[in-house]
Amino acid sequence: MIRVAVVIACVVPLTLALLPLQLLALRNGWRIQRTIPRLYHRILCRLIGVRIREVGRRDGHGPVLILANHVSWLDICVISALAPVTFVAKSEVAGWPLFGFLAKLQRTIFIDRQARHRTGEATAEIGARLADGDAVVLFAEGTSSDGSRVLPFRSALVGAVHHALADEARAAIGVQPMAVTYTGFGGLPIGRELRERVAWYGDADLIPHFIGLLSSGAIDVTVSWGEPIAASATDRKAITRDAEQSVRRMCEAARRAGIRDPIAPRPTAAPVARPEAQPEPA
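In short, a report on the structure. (Residues numbered from 1 in each chain as written. Predicted model: local features only at pLDDT ≥ 70, side-chain atom pairs only at ≥ 80, totals over all residues. Heavy atoms only, no water.)

1. Focus on the packing of aromatic side chains
Part 1 of the argument: Inspection of the entire model under this criterion finds four aromatic pairs.
Part 2 of the argument: Where tryptophan 73 meets phenylalanine 210, the ring centres are 5.2 Å apart and the plane angle is 50°; that geometry is what we call tilted. Placement of tryptophan 73 in the loop between β2 (64-68) and α3 (74-82) and of phenylalanine 210 in helix α9 (residues 206-214) is noted, with a sequence separation of 137 residues between them.
Part 3 of the argument: By relative accessible area, tryptophan 73 is classed as buried at 10%.
Part 4 of the argument: Looking at phenylalanine 210, the relative accessible area reads 21%, which means it is partly exposed.
Part 5 of the argument: A centroid spacing of 5.6 Å and a plane angle of 80° characterise the contact between phenylalanine 99 and phenylalanine 210, whose relative ring orientation is edge-to-face. Residue phenylalanine 99 is found in helix α4 (residues 99-105), and its partner phenylalanine 210 is found in helix α9; the two are separated by 111 residues along the sequence. (Phe/Tyr/Trp six-rings, centres within 6.5 Å; stacked < 30°, edge-to-face > 60°. Helix = DSSP H or I, 4+ residues; strand = E, 2+ residues; numbered from the N terminus. Buried < 20%, exposed > 50% of the residue type's maximum accessible area, 1.4 Å probe, protein only.)

This is the structure we're talking about:
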């Protein structure tokens with residue numbers, strides 16, 4: 001619990017320091033509203049002990065709909081630490097204490113999957129964000145999983161977003177698969193038992209899970225970017241199928257690689273060898 005207390009003691013002043021600036025940026029439409037969440041989550045990952053290994057890169061800097069798998073609430077911190085993005089979340093998240101408020105500060109788009117008559121409003125907002133140049137992350141499984149497998153991707157929302165865009169806007173927007181794979185926990189390679197401690201799904205309570213991760217120590221995660229798919233190239237079912245297959249392949253590759261070469265800070269210049277040091281055999 002000492003580690004949890006230390007992390008919270010650091011997170012609270014960090015949040016209070018960046019909160020007024022983000023509120024001002026949102027109110028005045030400043031571009032910095034996209035970069036403040038990235039800075040916040042990069043620091044948060046360092047504090048929690050998350051070590052990110054990134055494979056591939058996001059395609060360019062224009063608007064893109066990112067289709068990803070979903071394992072834990074920690075996915076938000078990990079993805080946000082890598083790129084300025086906007087998330088699509090279920091409407092219930094907006095009402096969560098603290099977490100819902102933070103999600104709103106990150107300009108999250110909330111969608112009510114139970115009320116089909118409101119889906120059009122959400123997809124129109126997603127389309128507007130994309131047309132404005134944002135990168136929008138959609139957890140295409142529709143829910144979180146235990147992390148051992150990728151659930152089938154849902155094509156309905158992908159299609160709704162596809163049709164919400166004008167033809168000229170759609171031609172300029174790409175779809176890119178992303179795989180989030182947790183590979184290490186507390187310095188050990190993740191098996192099924194440890195994966196259960198990272199994954200947050202089903203009826204698991206958020207606060208105990210949150211505290212458990214804060215006290216766990218190092219968490220290794222691989223974020224893999226797939227090949228972009230042109231949004232105007234094919235129909236929604238083909239887009240969704242191709243993205244799902246790509247994410248499955250990337251998750252499997254990340255699991256095989258394990259916790260090899262985790263990326264935390266970018267590498268610095270190599271130290272100068274001492275004169276007496278002998279070269280290592282090839």
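Resuming the write-up.
2. Observations regarding the pattern of salt bridges
Part 1 of the argument: Tallied over the entire structure, the rule returns nine salt bridges.
Part 2 of the argument: With a shortest N-O distance of 2.9 Å, aspartate 220 and arginine 51 are connected by a salt bridge. With aspartate 220 in strand β8 (residues 219-225) and arginine 51 in strand β1 (residues 50-55), this pair connects stretches of sequence that are 169 residues apart.
Part 3 of the argument: With its nearest N and O atoms 3.1 Å apart, the salt bridge here joins glutamate 125 to arginine 129. (Salt bridge = Lys/Arg side-chain N within 4 Å of Asp/Glu carboxyl O.)

3. Quick notes on the nonpolar core
Part 1 of the argument: Of all hydrophobic cores here, the largest spans 45 residues; its most connected members are Val50, Ile52, Leu74 and Tyr182.
Part 2 of the argument: Here the element with the most residues in this core is α3; it accounts for six residues.
Part 3 of the argument: In this structure leucine 74 touches Ile48, Val50, Tyr182, Leu213 and Ile219, once residues within four positions along its chain are discounted.
Part 4 of the argument: Counting residues in hydrophobic clusters, the runner-up holds 24 residues, among them Leu138, Val150, Ile239 and Ala243. (Core = buried A, V, L, I, M, F, W, Y, C linked by side-chain atoms within 4.5 Å. Contact = heavy atoms within 4.5 Å.)

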